[in-house]
Amino acid sequence: MSNFRWVICGLLFLATTINYMDRQVLSLTWKDFIAVDFHWTDDDYGTITGLFSIFYAVANLFAGKFIDWMGTKKGYLIAIFVWSVGACLHAICGWAALGIAGGSVTALTTISVWLFLACRLILAVGEAGNFPAAIKVTAEYFPKKDRAFSTSIFNSGASVGALAAPATIPLLARAFGWEMAFIIIGALGFIWMGLWIWLYDKPAKNKRVNQAELNYIEQDSDIANVQDRDNIKEEKTIPFWDCFKYKQTWSFIVGKFMTDGVWWFFLFWAPAYFSDRFGYTSDSTMGILLILTLYLIVTVLSIGGGYLPTYFVEKKGMNPYLGRMRAMLIFACFPLLGLLAQPLGSFSAWWPAILIGFLGAGHQAWSANLFSTIGDMFPKSTIGTITGIGSMAGGIGSFLINKGSGTFFTWADGQGSAFSFFGFDGKPAAYMVVFCICSVAYLIGWCIMKTLVPKYKPIVVE
């Protein structure tokens, strides 16, 4: 049997890595480079990250349906082209803002925020296509029992991207300017496009997939031995608005809404947290090491999370959904460690880095299994649509926590000792509040999901 499905998985991993590196350039340059040029506050940054989440949420609502309609090959190409262009355009914001604002500091701040928002809109529209396309490709190339593991591999690109970003982006910004950091990282997407055109086709049409591998991929179908490659057809699709009639859709929506914002909060705010709380800037050796440690923990631990449901299915005889939900309950407990991050930070900055790393690993393992519940329940023809709908909910949750946090941090910083929480004052107290919210979100989400869909119930479209 050939194993070309793992090459495809590698391409999905690479795309997700690039996706998150493009998303991280701003968070790793704003505090120590961009804010210095444009006089941004935490609230300004919170506005940009919060509205990016809204742009991403709205785009996801349409991106999933677009991928199902256009197909994974063309749809993925268009998505990564758009977000790579959007990533590179950030570089122009600085030059344009200086030209338009003249000598006014207030105008410079306002205009720069609006220009960055325009670029974040383009970036969000393109990036919204990544997960609907990747999840659909995973369902095309892997049987149900392997999907959580393959999803955890490509989804680890998020943490690898977040791991590679602090090791490269601040150094690029310091050496060549923050504008070139956006251009260099954004250009990686164009390289990926060439690999995708060369290597991808649907399994039945891909010459690199032999008959034995095709039979393995299609083992969940009603056909025992797939010999006629040309006559493999997808199931009937579910009309867009009809998707909302199913509790399975709402279960996925809840899972994404409750937890995506946690990941995005730490993705966007961790560099600023270590700078604010401990004085380690994003381009300092210690600042880089802390972020690298955080995401190294996420990367190593999260991949194993995709194997756990496979163990439950193959060794314990559970159906895929039951095994997945059992695994997700375990992963929902990891974020509780976040409750200790801020208190232990009083002893050393390494404690928050390590504990947030465990929290992030729990999220990535949770996310891989959450995505795989779509393939368990829905026909392949509708996977992109459902992924987009759920990702929209995740984007809304991310907007609430990112914009809310930015406003909250600015307010708490102004209050100083007048605002206290769990023994912390001012902005550290605000960080403690947000850490508490992030830590319990997964268990709450799991309980609601289990209530909505207590048992394995796949949707069959007649």
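This text follows the structure it describes.
One structure accompanies this document, and this report is about it. (Residues numbered from 1 in each chain as written. Predicted model: local features only at pLDDT ≥ 70, side-chain atom pairs only at ≥ 80, totals over all residues. Heavy atoms only, no water.)

Across soluble globular proteins, nonpolar side chains show a tendency to be buried alongside one another. In this structure, Trp40, Phe116 and Phe265 are the most contacted members of the largest nonpolar core, which totals 141 residues. The biggest single contributor to this core is helix H1 (residues 4–38), with 17 residues. Sequence-distant contacts of phenylalanine 116, defined by excluding residues within four places in its chain, comprise Leu26, Ile34, Phe38, Trp40, Ile48, His90, Cys93, Trp178 and Phe182. (Core = buried A, V, L, I, M, F, W, Y, C linked by side-chain atoms within 4.5 Å. Buried < 20%, exposed > 50% of the residue type's maximum accessible area, 1.4 Å probe, protein only. Helix = DSSP H or I, 4+ residues; strand = E, 2+ residues; numbered from the N terminus. Contact = heavy atoms within 4.5 Å.)

Using the criterion set out here, one finds ten salt bridges in the structure. Lysine 427 is paired through a salt bridge with aspartate 42; the nearest N and O atoms lie 2.5 Å apart. In this pair, lysine 427 is assigned in helix H17 (residues 426–452) and aspartate 42 in helix H2 (residues 42–70), connecting sequence segments 385 residues apart. One exposure class covers both lysine 427 and aspartate 42, and it is buried. Taken together, the shared-partner salt bridges connect Lys31, Asp42, Asp276 and Lys427 into one network. (Salt bridge = Lys/Arg side-chain N within 4 Å of Asp/Glu carboxyl O.)

Attention shifts here to H2. With 29 residues, H2 extends 40 Å from end C-alpha to end C-alpha; this agrees with the ideal 42 Å at 1.5 Å per step. A maximum bend of about 35 degrees is found in H2 at asparagine 60. With its phi angle positive at about 95 degrees, glycine 71 sits one or two positions after the end of H2. (Expected span 1.5 Å × (residues − 1). Bend = angle between axes of the 7 residues up to and from the residue.)

Looking now at a nonpolar patch on the surface. Nonpolar side chains collect at one region of the surface, where Leu336, Leu337, Leu339, Leu340, Val440, Ile444 and Ile448 lie side by side and expose about 490 Å² of accessible area between them. In this structure, leucine 339 sits in the loop between helix H13 (320–333) and helix H14 (341–344). Given the relative accessible area of 30%, leucine 339 is considered partly exposed. (Patch = residues over 30% accessible without salt bridge, like charges linked within 9 Å, V, L, I, M, F, W, Y side chains within 5 Å. Areas by Shrake-Rupley, 256 points an atom, 1.4 Å probe, with all protein chains shown as cover.)

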